[in-house]
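Close look at the chain arrangement
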Amino acid sequence: MYLPPHDPHVDDPMRFKPLFRIHLMERKCATVECMYGHKGPHNGHIQIVKKDEFSTKCNQTDHHRMSGGRQEEFRTWLREEWGRTLEDIFHEHMQELILMKFIYTSQYDNCLTYRRIYLPPSSPDDLIKPGLFKGTYGSHGLEIVMLSFHGKKAKGTKITGDPNIPAGQQTVEIDLAHPLQLPGIENLCDFSELSRIVLEVQEQVRREEQEEERRQEEEDHSQQAASLPAAKPLGGEGAEGEETAAGAEGTTQDKAPASQPFVLPMGVISRNEDYPRTCRICFYGTGLIAGHGFTSPERTPGVFVLFDDDRFGFIWLELKSFSLYSRIKVSFQNAEAPSREAFDEMLKNIQSLAT
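Residues numbered from 1 in each chain as written. Predicted model: local features only at pLDDT ≥ 70, side-chain atom pairs only at ≥ 80, totals over all residues. Heavy atoms only, no water.

Applicable threshold: UniProt positions are given in the numbering used here, feature names are shortened, and annotations may be inferred rather than shown by experiment.
The name an unreviewed UniProt entry assigns to the chain is FBX31 protein, from the organism Nyctiprogne leucopyga. Regarding the chain, the relevant UniProt record gives this comment under Pathway (unreviewed entry): "Protein modification; protein ubiquitination."

Examining unusual backbone geometry
In terms of backbone geometry, most residues other than glycine have negative phi values and most peptide bonds are trans. Spelled out, the test is: Helix and strand assignments come from DSSP, with helices taken as H or I runs of at least 4 residues and strands as E runs of at least 2, each series counted from the N terminus.
Here the amide bond leading from D7 into P8 is cis, since omega sits at 5 degrees, within 30 degrees of zero. Inspection of the secondary structure puts P8 in the loop between β1 (2-3) and β2 (15-16). A positive phi angle, near 60 degrees, is found at F294, a position not held by glycine. As for its position among the elements, F294 is in the loop between β15 (281-291) and β16 (295-308). With a phi close to 55 degrees, K320 is a non-glycine residue in the positive phi region. On the secondary structure map, K320 appears in the loop between β17 (311-316) and β18 (321-327).

With respect to the pattern of salt bridges
Opposite charge on two side chains allows them to pair when their charged atoms are near. Cut-off, in case you're wondering: Any carboxyl oxygen of Asp or Glu within 4 Å of a side-chain nitrogen of Lys or Arg constitutes a salt bridge here. Note on classification: 1.4 Å probe, protein chains only; a residue is buried when its accessible area is under 20% of the maximum for its type, exposed when over 50%, partly exposed between these limits.
Inspection of every chain in the model, using the stated rule, returns 25 salt bridges. We note a salt bridge from K158 to E143, for which the minimum N-O separation is 2.8 Å. Of the two residues, K158 is situated in strand β10 (residues 153-158) and E143 in strand β9 (residues 142-150); the sequence distance between them amounts to 15 residues. Residue classification places K158 among the buried positions, given a relative accessible area of 2%. When its relative accessible area of 1% is taken as the criterion, E143 is described as buried. In this structure, R207 engages E203 in a salt bridge whose closest nitrogen and oxygen atoms are separated by 3.9 Å. With R207 and E203 both in helix α4 (residues 191-227) and four residues apart, the pair spans about one turn of that helix. A residue is classified by how much of its surface remains accessible, and R207, at 46% relative accessible area, is partly exposed. Relative accessible area serves as the criterion here: at 31%, E203 is assigned to the partly exposed category.

Some thoughts on the nonpolar core
Rule in force here: By nonpolar core is meant a set of buried Ala, Val, Leu, Ile, Met, Phe, Trp, Tyr and Cys residues that side-chain atoms within 4.5 Å join together. What makes two residues a contact is simply this: any of their non-hydrogen atoms within 4.5 Å.
If you look at the biggest cluster of nonpolar residues, it comprises 26 residues, and the most contacted ones within it are L180, F262, V303, I315 and F322. Secondary structure elements with two or more residues in this core: α4, β15, β16 and β18. Beyond its immediate stretch of four places on either side in the chain, L180 contacts I197, V198, V201, C282, F283, Y284 and V303. One finds Y137, I289, L306 and F312 within the second-largest nonpolar core, a separate group that totals 20 residues.

Pasting the structure below:
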């Protein structure tokens, strides 16, 4: 497992932690060992669930327990996962969130399901190269986000989650059709000025969406009326698809090489104060927030800030907080050996031996 660096150091390298290992021996014998805990490798099991998915199970979970009980396990987990002790964390809300994460993760005892992640395709027209990024999420610590581009939109999807927003949810969406012109560095320090600019763009986006819905309804009505006396012309769908594709291609934003001064407005909280002081371009966007257990989710306005090819940020307007993201550049150990096909075949062989 590749873990993010300790909060809030997004530019530090990923941390490597073995979870299980497979021994392939002569006479088509194979054994699976769980690597979880601090008592060394012990007996485990692997099972194929479906395509691109398999699960692991520890058969000796007593190897995960410590002599000092759950309190010692929690303190050890805290040092390894967060690089600190509970005494170092003064914020009561952060202590609560960390304890929730420990309870949530430790209950599985390395009995986990793994699903393959397909990285997004890359296009020369993309603002930056898509891929995986480490990001700061306040008291939740660092999380992994996958950035992808979809015509007029860019999306950040959570690969790892937290008690509020789980993995798989779209944490941020960037509207590439609406770049933001930030005020001068003196006025940028004023949060109310930035808020005014963003809310004006939000209202503009709302009006454009309403106009688009109205235009689409009129087109649907006219198409229905035209289809009554005669059949739909051949090639209509194809022509419509070509027009949509051409329109999306035409709205691709040009990369802006020039930089401009950047500073966070007064009152905006950032876990990492070592953010870049210049940026290339900013866009209007929305961020997903929710209560514990993903209750009452809603998209709120924000500012996407592109710093360079490997770093970007997002200002959460409603939360008055800032997330800094840094690209994951690690060459994953043994990522190409074995190949996907060889690994799938190996799992099938193990499963057939077990049965």
